[in-house]
Amino acid sequence: MTYPDISISLQLALHIILYCILTFTVAQNPVDTYAPTVNVNCPETSNSLVRTFTPQSQVLNTSETEYIASRESNVISNAWSNWLGNASDIGYSFENLQGKFPRIGIVIGGEGYRAAQYGAAVLSGLDWRNTTAREGGTGGLLQVASYLSASSGGSWLLGSLLMNDWPSIQDLVYGNGGTLSSWMLDLDLIVPSSPSVSDGNNQEYWGSILASVESKANTGIPTSVVDLWGRMVSYHFLNETTRSNFYTNQTSHGAGQLWSQMSLLPNFQNHTMPFPIVTADSRQAGSGIITTVPLNSTVYEITPFEFGSWDPGLAAMLPLEFAGTYLTNGLPADPSACVTGFDQASFVMGTSSSFFNAVLNVTDGSFGFDTSDGDEDGMSFIFNQLLSHTQSSDVMDAANWPNPFKGVNPATFQDSSSDQLELLDGGSNLEKTPLSSLLVKARGLDVVVVIDGSADDQNDWPNGTSLLTSFERVSSVLSSSHQPMPPIPGTAAQFISTGVNIRPTFFGCNLTQGQTAYPIIIYLPNAPPLDGSAPATNTDNTRFSYTSMFTAVFINQAFGNTLGGFEPNTTLSDPDWGQCLQCAAVDRAVTVRSDFCSQCFAQYCYDPNHLPSKSELPGRQFAFVDPDLGGLQKVEQWLKDNKGALAGFIVAIMVVIAGIVGFM
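Keep in mind that this is a model prediction, so the values were computed, not measured.

Q: An account of the state of the cysteines is requested, with residue identities and associated values reported.
A: For the coordinates displayed, the defined rule picks out four disulfides. Two residues, Cys 42 and Cys 338, share a disulfide whose sulfurs are 2.1 Å apart. The chirality of the disulfide connecting Cys 42 with Cys 338 is right-handed, given an S-S dihedral of about 115°. Residue Cys 42 is found in the loop between strand 1 (37-40) and strand 2 (51-52), and its partner Cys 338 is found in strand 9 (residues 338-340); the two are separated by 296 residues along the sequence. The side chain of Cys 583 participates in a disulfide bridge whose partner is Cys 597; the two sulfur atoms lie 2.0 Å from each other. Classification of the bridge connecting Cys 583 and Cys 597 rests on its S-S torsion, roughly -80°, and on that basis the disulfide is left-handed. In this pair, Cys 583 is assigned in helix 16 (residues 577-586) and Cys 597 in helix 17 (residues 595-604), connecting sequence segments 14 residues apart.

Q: Please set out the pattern of salt bridges residue by residue, giving values where relevant.
A: Under the criterion given, the structure shown has 17 salt bridges. Note that Asp 186 is salt-bridged to Arg 243, the shortest N-O span being 2.7 Å. Of this pair, Asp 186 sits in the loop between helix 7 (169-174) and helix 8 (200-217) while Arg 243 sits in the loop between helix 9 (225-237) and helix 10 (266-269), placing them 57 residues apart in sequence. Residue classification places Asp 186 among the partly exposed residues on the basis of a relative accessible area of 31%. Residue class for Arg 243 comes out partly exposed when judged on its relative accessible area of 45%. The salt bridge involving Asp 227 is made with Lys 216; its shortest N-O contact spans 2.8 Å. With Asp 227 in helix 9 and Lys 216 in helix 8, the pair connects residues that are eleven residues apart, well separated along the chain. With relative accessibility at 1%, the residue Lys 216 sits in the buried group. Residues joined in a network through salt bridges with shared partners are Glu 111, Arg 114, Lys 432 and Asp 456.

Q: Could you give an account of the nonpolar core, naming the residues involved and the relevant values?
A: With 183 residues, the main nonpolar core has Trp 80 and Phe 405 as its most contacted residues. Tallying contributions element by element places helix 15 (residues 548-564) first for this core, with nine residues. Dropping the residues within four chain positions of it, Trp 80 is found in contact with Gly 85, Phe 94, Phe 101, Pro 102, Ile 104, Val 144, Ala 585 and Val 586.

Q: Before we move on, could you go through the packing of aromatic side chains and cite the residues and values that matter?
A: Scanning the entire structure with this criterion turns up 49 aromatic pairs. Residues Tyr 67 and Phe 268 carry aromatic rings whose centres are separated by 4.5 Å and whose planes lie at 35° to one another, so their mutual orientation is tilted. Here Phe 268 lies in helix 10 and Tyr 67 lies in helix 2 (residues 62-84), a separation of 201 residues in the sequence. We classify Tyr 67 as buried; its relative accessible area is 3%. A relative accessible area of 3% places Phe 268 in the buried class. Judged by centre distance (4.8 Å) and plane angle (40°), the rings of Trp 577 and Tyr 604 are tilted. Of this pair, Trp 577 sits in helix 16 while Tyr 604 sits in helix 17, and the two are 27 residues apart along the sequence. Neither residue differs from the other here; Trp 577 and Tyr 604 are each classed as buried.

Q: Give me the lowdown on the side chain of Thr 551, citing residues and values where you can.
A: Mapped onto the secondary structure, Thr 551 falls in helix 15. The buried category is assigned to Thr 551, whose relative accessible area is 5%. Within the structure, the side chain of Thr 551 is placed 3.0 Å from the side chain of Gln 117, a separation counted as a polar contact. Filtering out sequence-adjacent residues up to four positions away, Thr 551 remains in contact with Gln 117, Val 173, Tyr 174, Leu 185 and Tyr 546.

Q: Provide a residue-level description of the pairing of strand 4 (residues 145-150), including the pertinent values.
A: Within strand 4, six of the six residues are buried, which leaves it mostly tucked inside the rest of the structure. The pairing of strand 3 (residues 104-110) with strand 4 spans five bridges and is parallel. Looking at strand 4, one finds that Ile 104 is bridged to Ala 145. Pairing of strand 4 with strand 5 (residues 275-283), which is carried by four bridges, proceeds in the parallel orientation. Counterpart to Ser 149 in the pairing with strand 5 is Ile 277.

Reading guide: rules and limits
- Residues numbered from 1 in each chain as written.
- Predicted model: local features only at pLDDT ≥ 70, side-chain atom pairs only at ≥ 80, totals over all residues.
- Heavy atoms only, no water.
- Disulfide = S-S within 2.5 Å.
- Helix = DSSP H or I, 4+ residues; strand = E, 2+ residues; numbered from the N terminus.
- Salt bridge = Lys/Arg side-chain N within 4 Å of Asp/Glu carboxyl O.
- Buried < 20%, exposed > 50% of the residue type's maximum accessible area, 1.4 Å probe, protein only.
- Core = buried A, V, L, I, M, F, W, Y, C linked by side-chain atoms within 4.5 Å.
- Contact = heavy atoms within 4.5 Å.
- Phe/Tyr/Trp six-rings, centres within 6.5 Å; stacked < 30°, edge-to-face > 60°.
- Polar contact = N/O pair within 3.5 Å; in protein donor to acceptor, adjacent residues only side chain to side chain.
- Pairing = 2+ DSSP bridges.

In structure tokens, the structure reads:
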């Protein structure tokens with residue numbers, strides 16, 4: 001007697017179950033709002049839908065220009081007053097600074113949940129709405145920023161802030177008991193219910209996601225694993241999802257929320273938020289690159305108004321509303337061939353974090369994820385279901401964007417003859433913090449704050465690779481279109497030996513007369529706690545769940561570093577750090593530096609002629625220590641063993657973040 005193969009029978013049963021769920025989901029819930037609308041009438045114009053320019057004729061989109069002008073005149077001017085007071089604490093007069101304040105931008109980079117949480121903690125430390133940050137002098141910088149750019153996991157944070165209409169980080173991450181339900185990072189991104197592929201809740205979750213992606217595929221627009229990824233991300237970072245409806249189809253879980261409709265939100269219309277930019281790398285269509293892409297590969301940006309690139313090789317932009325439209329020389333095949341609704345917020349965030357060219361084996365559907373927690377089996381299962389339920393695209397390991405720039409700059413644009421663009425994670429060229437997006441000459445930035453949550457070394461800390469890549473790319477590819485960068489250490493080894501990879505550092509402090517202007521860079525890398533506590537923020541890229549306790553420890557550590565600065569040769573925080581940060585923010589507006597700010601710059605500026613040393617930063621621990629060792633009952637012992645890394649927290653946090661004392 002022969003017996004059927006149990007594994008094959010189980011897979012068949014799961015396939016049937018998921019098919020039933022998928023069919024029911026499509027019939028019962030508008031998850032198909034993820035589908036773009038095709039065959040839309042294009043704007044009545046004989047001119048190209050694509051605007052092109054040269055490095056010498058750069059001009060911002062009119063709506064971006066108007067947004068920045070309104071924000072700087074109506075919002076930022078008051079924010080400077082709130083932050084600096086009369087500026088006497090840093091040795092200046094506010095009246096003398098008025099009308100000359102520098103233009104500031106912030107960039108957030110890194111990978112996955114680590115980058116999202118690190119960026120959240122740092123932004124909270126720079127946010128005037130946070131009482132602790134405001135009292136420490138760091139809170140307020142976020143309010144005077146004109147731009148906020150992000151990539152990869154940083155784009156998840158940015159998208160979450162924007163599409164939820166700019167709440168405080170505390171409310172966004174932990175929930176507010178009302179409209180915000182928290183990020184729910186304890187629910188695994190891939191297998192939220194349990195590690196089992198056959199788990200009924202997992203099947204419901206995947207069924208809803210697949211229904212969304214299938215609705216897009218049915219329009220004829222190619223899909224890929226990135227569509228699945230973006231829809232998973234939306235459950236945590238967009239609105240409409242709560243713990244009670246996570247496995248149901250009571251809502252569309254972020255489907256239908258468009259990046260181009262961000263401008264309709266109240267806090268965007270009031271210019272309360274910095275102007276947002278998300279970036280993504282690309283590989284030449286058909287190249288199949290599965291490693292780091294070359295520095296001259298086109299880098300794209302997505303704003304609420306446009307999609308395109310400032311790279312000299314392309315130098316073109318499309319109104320974001322019509323992303324997803326195939327164009328040749330800026331024109332559609334016929335007047336009704338336009339597409340709208342392609343710019344789903346979840347797809348934008350998924351595109352910027354699309355690292356699958358480096359991990360997905362398209363032959364067997366394996367990803368190389370952890371097999372012990374179900375992530376590998378779960379991702380492989382839903383990917384293979386995508387292949388069986390939709391017409392297979394030629395490219396499954398990158399984000400498929402119909403090419404609106406076909407025919408543009410054929411001598412220099414890598415995809416001028418391609419129908420599709422293959423977009424990748426914003427760090428695929430190793431520029432993990434999208435600094436170059438804020439060095440565009442037309443944007444005129446004076447100060448850029450770099451929030452670097454990268455995992456570069458053996459302990460998953462930054463080692464300057466992102467800044468080094470930006471420096472090389474700006475020098476070799478973008479010299480005609482972007483501002484230059486200030487002097488930085490020349491190698492990753494020098495970033496480490498000088499210690500600037502584990503402390504706040506100002507680059508570009510001493511711009512000399514006649515020298516080509518570059519902005520000051522305020523570098524805020526993810527680093528071990530100042531006081532020598534065991535670090536919890538250096539997690540690996542593919543950790544797809546965090547307990548509530550873990551998230552609280554993580555954010556509190558990064559928040560503490562943001563407020564702490566450093567005291568040379570001690571494990572103490574700097575009580576003057578908040579004012580020193582203010583000094584760096586206003587420096588491009590002053591002609592004579594105050595005595596107080598001169599002292600700050602002597603401590604925090606990188607001087608290539610007088611190099612600092614990592615020996616000035618003693619007592620740091622670098623090896624990751626899991627702060628949640630299997631349950632809250634072990635927290636007290638962990639705190640005792642690690643010098644009270646949650647100082648000020650203790651009991652409240654054990655009840656799952658009921659109060660984050662230092663974070664409020």
